Amino acid sequence: MRRPSWHELQAIKTLGEQRSFRRAAEMLGLKRSSLSHLVKTLEHNLGVQLFQRTTRSVSLTEAGQQLLDRLAPLLNQMDEVLHDVSARRQQHAGTLRISASDAAIGILLEKVVPGFCAEYPNIQLDFAAQGELVDITAAGFDAGIRLMEDVPQDMVAIALGGPLNFITVASPAYLAAHAPIKQPQDLLQQQCIRHRLPSGKRYRWEFEKAGERCELDVPGAMTLDNNALMTRAAISGLGVAYVPSLYAEAALQSGQLVELLAEWRVQSAGMALWFPPNQHQSMALRLFIDALKNSLPRQS
């Protein structure tokens, strides 16, 4: 037996209450003939007559009355549930301000924001792409998103998306014009795109293999403070770059970049959302955290 649709059940309930095809059809926004056809089809599928029809009136059969008595409370309850859900959705409003790296914002725009905005249209998202780590409380942010290692120790941190690899990359054109790079020390003879930290210091590239670790203050004529720009510089053939893998994924897939020293990869704990431990979490922030967990599940 085919299960009746929500539309069919609502039609039976309305006709049973109104006892008139004309009035029921008007309330349902249907033609009288369409309602009559719907009822006949449902009775045929159920194998039982639900209504007694005469030229002047419509009445419920015993089976019809039994169905209506049990059906009406269920449909009314479902209407209440749908109303509550809709009302709750409209109550979620406000502005959520988040400080994050440009890469983190890019991931959010791709994997989190579309679904979140569709579900909570009254919540406004205000992202600030900032390379440096800021005091989010003093700057008026609700939360920050950074690498787990960069989150201040006195803050609450929620891990997002699992570990993140740091990789060494260069363009095919650069590699064709320079000596092979087979081990980290070979970088000391290369043109590297150096990374300046927010503190002003140059970042020493880190490598690890089978428990062996090394750090290099690589040479290079160019220093940048932005991973996306370092990746673009490497694509342009300006040197070797050392960046989080998420910045280089597209270029690696297209062949614009080649990964070097893959066996010497260093892994970070990944990204985290963080906020002060004593800060009252707004409903908007709690909902956004739930969306992050669902859209960026931790990798095993």
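Looking up the protein in an unreviewed UniProt entry gives the name LysR family transcriptional regulator, with the organism given as Pantoea rodasii. Comment text from UniProt for the protein, heading Sequence similarities (unreviewed entry), reads "Belongs to the LysR transcriptional regulatory family."

Undergrad: Explain the packing of aromatic side chains to me, please; I cannot follow it from the model alone.
TA: When we look at a pair of aromatic rings, we describe it by the centre distance and by the angle of the planes. Throughout the structure, instances matching the rule amount to 7 aromatic pairs. Measuring from ring centre to ring centre gives 5.2 Å for Phe116 and Tyr120, while their planes differ by 55 degrees; the resulting arrangement is tilted. For the pair Phe116 and Tyr120, one class covers both residues: buried. Measuring from ring centre to ring centre gives 6.0 Å for Tyr203 and Tyr242, while their planes differ by 35 degrees; the resulting arrangement is tilted. Taken together, the residues span a long stretch of sequence, with Tyr203 in the loop between strand 8 (193–195) and strand 9 (205–209) and Tyr242 in strand 12 (residues 241–244) at a distance of 39 residues. A residue is classified by how much of its surface remains accessible, and Tyr203, at 17% relative accessible area, is buried. One aromatic cluster is present, formed by Phe166, Tyr203, Trp205, Phe207 and Tyr242 through successive ring pairs. Taking the ring centre of Phe141 as reference, the NZ or CZ of Arg97 above it sits at 4.3 Å.

Undergrad: Would you take a moment to explain the UniProt feature "domain: HTH lysR-type" (unreviewed entry) in the protein for this structure?
TA: On the UniProt side, "domain: HTH lysR-type" (unreviewed entry) is annotated at positions that read residues 4–61 here. Regarding residues 4–61, the helix share stands at 62% and the strand share at 10%, and the terminal C-alpha atoms are separated by 19 Å.

Undergrad: How should the side chain of Gln10 be read in this particular structure?
TA: Along the chain, Gln10 turns up in helix 1 (residues 6–18). Each residue touching Gln10, except ones within four places of it in the same chain, is listed here: Leu28, Leu75 and Asp79.

Thresholds, definitions, all that
- Residues numbered from 1 in each chain as written.
- Predicted model: local features only at pLDDT ≥ 70, side-chain atom pairs only at ≥ 80, totals over all residues.
- Heavy atoms only, no water.
- UniProt positions renumbered as here; feature names shortened; annotations may be inferred.
- Phe/Tyr/Trp six-rings, centres within 6.5 Å; stacked < 30°, edge-to-face > 60°.
- Buried < 20%, exposed > 50% of the residue type's maximum accessible area, 1.4 Å probe, protein only.
- Helix = DSSP H or I, 4+ residues; strand = E, 2+ residues; numbered from the N terminus.
- Lys NZ or Arg CZ within 6 Å of the ring centre and 35° of its normal.
- Contact = heavy atoms within 4.5 Å.

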